[in-house]
Amino acid sequence: IAPGNTPGVTSIVGSLDVTNKTTIEFELGGTAVGDGTTGYDRVDVTGMAIIGADTVFDIEYYGGFTAVAGDAFDLLVAGSIDFAGSLANFILPVTSGLSWATSIEDVDGGREALRLTALLTPVPLPASLPLLLAGVFAMGALRRSRHSAS
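Note that the structure is predicted; figures quoted are calculated from it, not measured.

1. A word on empty space enclosed by the protein
The final tally for this structure, using the stated rule, is 1 cavity of 30 Å³ or more. One number sums up the size of the largest cavity: a volume of about 40 Å³. Lining of the largest cavity is provided by Ile1, Leu16, Ile24, Phe26, Val43, Ile51, Phe57 and Leu76. For the lining of the largest cavity, a count of residues per class yields 8 nonpolar, no polar and no charged.

2. Some details on the environment of Asp108
Structurally, Asp108 can be placed in the loop between β11 (98–107) and β12 (111–120). Assessed through its relative accessible area of 54%, Asp108 is described here as exposed. Expressed as a C-alpha distance, the spacing of Asp108 and Val77, which sit 31 residues apart in the sequence, is 9.6 Å.

3. Topic: the sheet that holds strand β5 (residues 42–45)
One key point about sheets: their strands pair by backbone hydrogen bonds, in either a parallel or an antiparallel sense. Reading across from one edge, β1-β5-β8-β12-β11 is the order of the 5 strands in this open sheet, with mixed pairing throughout. Both edges of this open sheet fall to β1 (9–12) and β11, since each of them pairs with a single strand only. Geometrically, the sheet is characterised by an average inter-axis angle of 20° between neighbouring strands, direction not taken into account.

4. Looking at the packing of aromatic side chains
Throughout the structure, instances matching the rule amount to 7 aromatic pairs. Aromatic pair Phe57 and Phe83: ring centres 5.8 Å apart, planes at 85°, arrangement edge-to-face. Of the two residues, Phe57 sits in strand β7 (residues 56–61) while Phe83 sits in strand β9 (residues 80–83), which places them 26 residues apart along the sequence. Considering the side-chain rings of Tyr61 and Phe65, the 6.0 Å spacing of their centres and the 75° angle between planes classify their relative orientation as edge-to-face. On the accessibility criterion, Tyr61 (23% relative accessible area) is partly exposed. Ring pairing ties together the aromatic residues Phe26, Phe57, Phe83 and Phe90, which thus form one cluster.

5. Description of the nonpolar core
Leu28, Phe57, Ile59, Phe73, Leu75 and Leu76 are the most contacted members of the largest nonpolar core, which has 26 residues in total. With 4 residues, the single largest contributor to this core is strand β8 (residues 72–78). Residues in contact with Leu76, not counting those within four places in the same chain, are Leu16, Val43, Val45, Ala49, Ile51, Ile81, Glu112, Ala113 and Leu114.

6. Overview of the confidence of the model for the protein
For the protein, per-residue confidence averages 87 on the pLDDT scale, and 85% of positions sit at 70 or higher. When pLDDT is averaged over each element of the protein, β8 comes out on top at 97 and helix α1 (residues 128–149) at the bottom at 67.

So, how was this worked out
- Residues numbered from 1 in each chain as written.
- Predicted model: local features only at pLDDT ≥ 70, side-chain atom pairs only at ≥ 80, totals over all residues.
- Heavy atoms only, no water.
- 1 Å grid on protein atoms, 1.4 Å probe; cavity = no way out; pocket = protein on both sides within 12 Å on 5 of 7 lines; lining within 4 Å.
- Points joined across faces, edges and corners; volume = space filled by probe spheres on them.
- Nonpolar A, V, L, I, M, F, W, Y, C, P; charged D, E, K, R; others polar.
- Helix = DSSP H or I, 4+ residues; strand = E, 2+ residues; numbered from the N terminus.
- Buried < 20%, exposed > 50% of the residue type's maximum accessible area, 1.4 Å probe, protein only.
- Pairing = 2+ DSSP bridges.
- Axes fitted to C-alpha atoms, helices over the stretch in contact; angles between N-to-C directions.
- Phe/Tyr/Trp six-rings, centres within 6.5 Å; stacked < 30°, edge-to-face > 60°.
- Core = buried A, V, L, I, M, F, W, Y, C linked by side-chain atoms within 4.5 Å.
- Contact = heavy atoms within 4.5 Å.
- pLDDT = per-residue confidence, 0-100.

Take a look at the structure:
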């Protein structure tokens, strides 16, 4: 399944039952729902959406867009969502300094959305940095003690 028209919205009147290792492809070309030129793909279902644990969400950037921390994309909106998967079901674009989270959120009119959110990934402090700083401090203290002794 590839919703929209690069990028756009596919509307389904009724229910959606996605199982049997189905892949759903989404393009992220902006932070608004796609209009055929910019934005991101969405599947809009009037009824219930059942997404099996073996469903794969293949997410790609489009048109030079790159997400930043805090960007959220409601990829699937339905009357209700039964999602048996996890973030492991998503093939996500790699962006330095970002990680991704998924959630089911309540949205307009009592509907639900499967939301993909870009998060800031904390950069770990290298283990050698405190050791380096301690060494620099020790060298400075040693140098001062030598100047005092002279």
